[in-house]
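For reference, the chains in residue letters:
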Amino acid sequence: MSIFKCTATAALLLTAAAARAEGPGLGQPLEAADIPFYATYVTPEGTGLPAGSGTAAQGAEIYAAKCATCHGATGSEGPVMPPVGPNDIWAKPAGSYWPYATTLFDYIRRAMPLEAPKSLSDDEVYALAAYILERNGVIDEQTAMTAETLPAVKMPNHGNFLDVWTKQGAKPW
Amino acid sequence: MTRSTKDSAALEYAAGGGLLSRRMLLASAAAGGAAGLLQPSMARAEAEIPEWTKAAGARARGYGAPAAAESAVQRAIIEPWQDVAPAFSLSGTPHHKLRGTITPSGLHYEVHHGGRPDIDPARHRLMIHGLVERPLQFDLDVLERYPMVTATHFLECAGNSLFNAVMPEPMQAGCDMLHGLVSNTEWAGIPMRVLMEEAGVKPEGKWVVAAGADGPSLARSIPMEKIMSDGMLALYQNGERIRPEQGYPMRLLLPGFEGNMNIKWLTSLWVTEAPVHTKDESGEYTEILADGSSLQFTFAMGVKSFITHPSSTMTMSGPGFYEISGLAWTGSGKVAKVEVSADGGTSWAEGALAGPVLPQALTRFSLPWHWDGSPLVLMSRAWDETGAVQPPRADWKARYHASNFLHYNAIQPWQVTAEGAVQNVYL
């Protein structure tokens, strides 16, 4: 085989490899309609929040029925990671420690209650977020949580976190 | 651990407390060999012949299992809220009953935030979407056709060794409870970069939010840099399909990063501009410092080691020769050296590392030791190739709020009493 032929074959192979990006390229197109909500996450700005609303009073009833057995009668007793603080069990109560209130909505919607995740309606999830925030003294009783009000909640511990990845990458603390 | 009748005066010491020179291992092997020659070589008619040597054995079987006599080698199960929330459960690898470096798949540690799901592999899919040119989905059959890589890596829960981190008095338990939330596996799968490039990450796509197909759809934000450098879609664990406990049929593997980020039962990779502050990165996997502020996005695991033989809950079988053996690892590359002390940290000798020493993988160290029967404290101290070294417990505690139990990598001292009991102590 001449040198010229060799180079041409190599070039051809390279082009083919680049087109396949090292893999056989067998992924199937994914339509937006086929992406379930839990494959995304509500962002701190509120992107991804659905329509709906709920107040702390509404949340109190749902909480008593579906959450109290694990997290305590009023959210601070536990035994499981009480979301209302301060308490003697968990130094990071979700409703006051987390930097963003939006996480409450997303997490409760995807993961709680433990034995029946994804069973709550969006209104119920807004109401539960409102209840937990109100019990922590972060919002008042009247304010309903919605796609507009929830991202606007200023969490008390926000600004008290150091982002280790941005500061020093993969170097352990 | 074996006793020897060797004359201790003839031993070559490497440090206090009876630590021997690494050369002694070879010397004692040679001595044993010579002793063997002195044994009578005649067959003895009166010697007992066990019954299994006088019968045909069992037939072949499709899937092997450990010997019946080894049935006590189990993971240690921790259910912090017992029957109130049994789906939140952990189990620790019994390192004190194992040797080598690979964790048998059935003994790999578990941390389940919502139990172990029962996934139909035929209906499971992996989605790649968000800031990509071509949103894609893959099923298991299709992924099977991709070129695969093989790599040995540890996984460690950020909460490993939590009891030592927070308990005021040292808990008396084995390595399964104390340090069992770390395991080591030969993984095989597809480099994440290949799949991400197929989807075509847009320039503004800097993070990937990975989510599992488990009940709570556990999710973490992961820097694109990590995904592209050595992230793997792991499909095989020690040669066989990943166990349900470890993410069947597929999991994300991020070598050196805290276990929680290595999403099990992986179903979605959502490319975003910024981290989304999922539940775990907002609270449970953040560390409160001594001053009340918190660390967020602490990804890599620190350098760490502990002695497995002898270790807490074991009993020495009298003075004499032993091999001290243990495990070391780091989230930052390779273990550089492990020092061992048998006098509570007054003097140290370097242990031998069993090669090949692999990056982000458990590394076994060992050192011969002659225990004279007096009480003492054994400990190991690992260094990695970045120069990082394990801190004493007091230094580690001083950095954090009293409640913090994450990223604990302090030196583990084991007290050996005059009676030969091995106990967990703080030093």
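Worth saying up front: this structure is predicted, and the values here are computed from it rather than measured. The residue numbers shown here count from 1 along each chain, following its written sequence. Chain letters and ligand numbers both follow the written order, the letters beginning at A and the numbers at 1. Thresholds applied to this predicted model are a pLDDT of at least 70 for local features of residues and 80 or more for the giving and counting of side-chain atom pairs; totals over whole chains, interfaces and linings are not thresholded and use all residues. Note: side-chain values were computed over all heavy atoms of the structure, leaving out hydrogens and water.

This paragraph deals with the packing of aromatic side chains. Residues and elements named next belong to chain B. Centres within 6.5 Å are what make two rings of Phe, Tyr or Trp a pair, Trp counting through its six-membered ring; a difference in plane orientation under 30 degrees is then read as stacked, over 60 as edge-to-face, and the rest as tilted. Summed over all chains, the structure comprises 19 aromatic pairs over all chains. Relative to Phe297, the ring of Trp207 lies with its centre 5.8 Å away and its plane at 50°, an arrangement referred to as tilted. Of the two residues, Trp207 is situated in strand 10 (residues 207–212) and Phe297 in the loop between strand 17 (294–296) and strand 18 (304–309); the sequence distance between them amounts to 90 residues. Given the relative accessible area of 9%, Trp207 is considered buried. The class for Phe297 is buried, based on a relative accessible area of 3%. For a Lys NZ or an Arg CZ to count as sitting over a ring, it must be within 6 Å of the ring centre and within 35 degrees of the ring normal. One residue, Lys337, lies across the ring of Trp383, its end atom 4.8 Å from the ring centre. The ring of Trp348 is capped by Arg381, whose NZ or CZ atom sits 4.0 Å from the centre of that ring. Each helix corresponds to a stretch of at least 4 residues labelled H or I by DSSP, and each strand to a stretch of at least 2 residues labelled E; elements are numbered beginning at the N terminus. Think of it in three bands: with a 1.4 Å probe and only protein chains considered, a residue is buried below 20% of the maximum accessible area for its type, exposed above 50%, and partly exposed in between.

Before going further, it helps to spend a moment on the sheet that holds strand 10 of chain B. Each pair of strands is called paired provided DSSP finds at least two bridges between the two strands. Strand order in the open sheet formed by 6 strands is 1(A)-7(B)-6(B)-15(B)-10(B)-11(B), with mixed pairing between adjacent strands. Whereas interior strands pair on both sides, the edge strands pair on one side only; in this sheet they are strand 1 (28–29) of chain A together with strand 11 (219–223) of chain B.

Bringing the pairing of strand 23 (residues 363–371) of chain B into the picture now. Residues and elements named next belong to chain B. Among the 9 residues that make up strand 23, 9 are buried, leaving the element largely enclosed by the rest of the structure. Residues Thr363, Phe365, Leu367, Trp369 and Trp371 line one face of strand 23 and the alternating positions Arg364, Ser366, Pro368 and His370 line the opposite face, and both faces are buried. As paired strands, strand 19 (residues 320–329) and strand 23 are joined by 9 bridges and run antiparallel to one another. Residue pairing in the sheet places Gly320 in a bridge with Trp371 of strand 23. In the sheet, strand 22 (residues 352–353) pairs with strand 23 via 2 bridges, with the strands oriented antiparallel. Counterpart to Leu353 in the pairing with strand 23 is Phe365.

Attention now goes to the interface of chain A and chain B. The contact rule is simple, with two residues in contact once any of their heavy atoms fall within 4.5 Å. Facing the 49 residues of chain A at the interface are 65 residues of chain B. Between chain A and chain B, the buried area comes to about 4700 Å², and carbon and sulfur atoms account for 66% of it. Throughout, the accessible surface (probe 1.4 Å) given up by two parts as they are put together, summed over both, is called the buried area. Taken as a group, Leu30, Trp165 and Trp173 of chain A account for 15% of the area that chain A buries against chain B, more than any other trio of residues on that side. Any carboxyl oxygen of Asp or Glu that lies within 4 Å of a side-chain nitrogen of Lys or Arg is treated as forming a salt bridge with it. The interface formed by chain A and chain B includes 1 salt bridge. With its nearest N and O atoms 2.7 Å apart, the salt bridge here joins Glu22 of chain A to Arg193 of chain B. Distance and chemistry together define a polar contact, namely a pair of N or O atoms within 3.5 Å, with one atom able to donate a hydrogen and the other to accept it when in protein, and with adjacent residues in sequence counting only for side-chain atoms on both sides. At the junction of chain A with chain B, the criterion picks out 28 residue pairs in polar contact (both at pLDDT 80 or more). Here the side of chain A that touches chain B takes 4 residues from helix 5 (residues 102–111) of chain A, the largest share from any one element.

Limitation: the analysis is restricted to geometry and does not speak to function.
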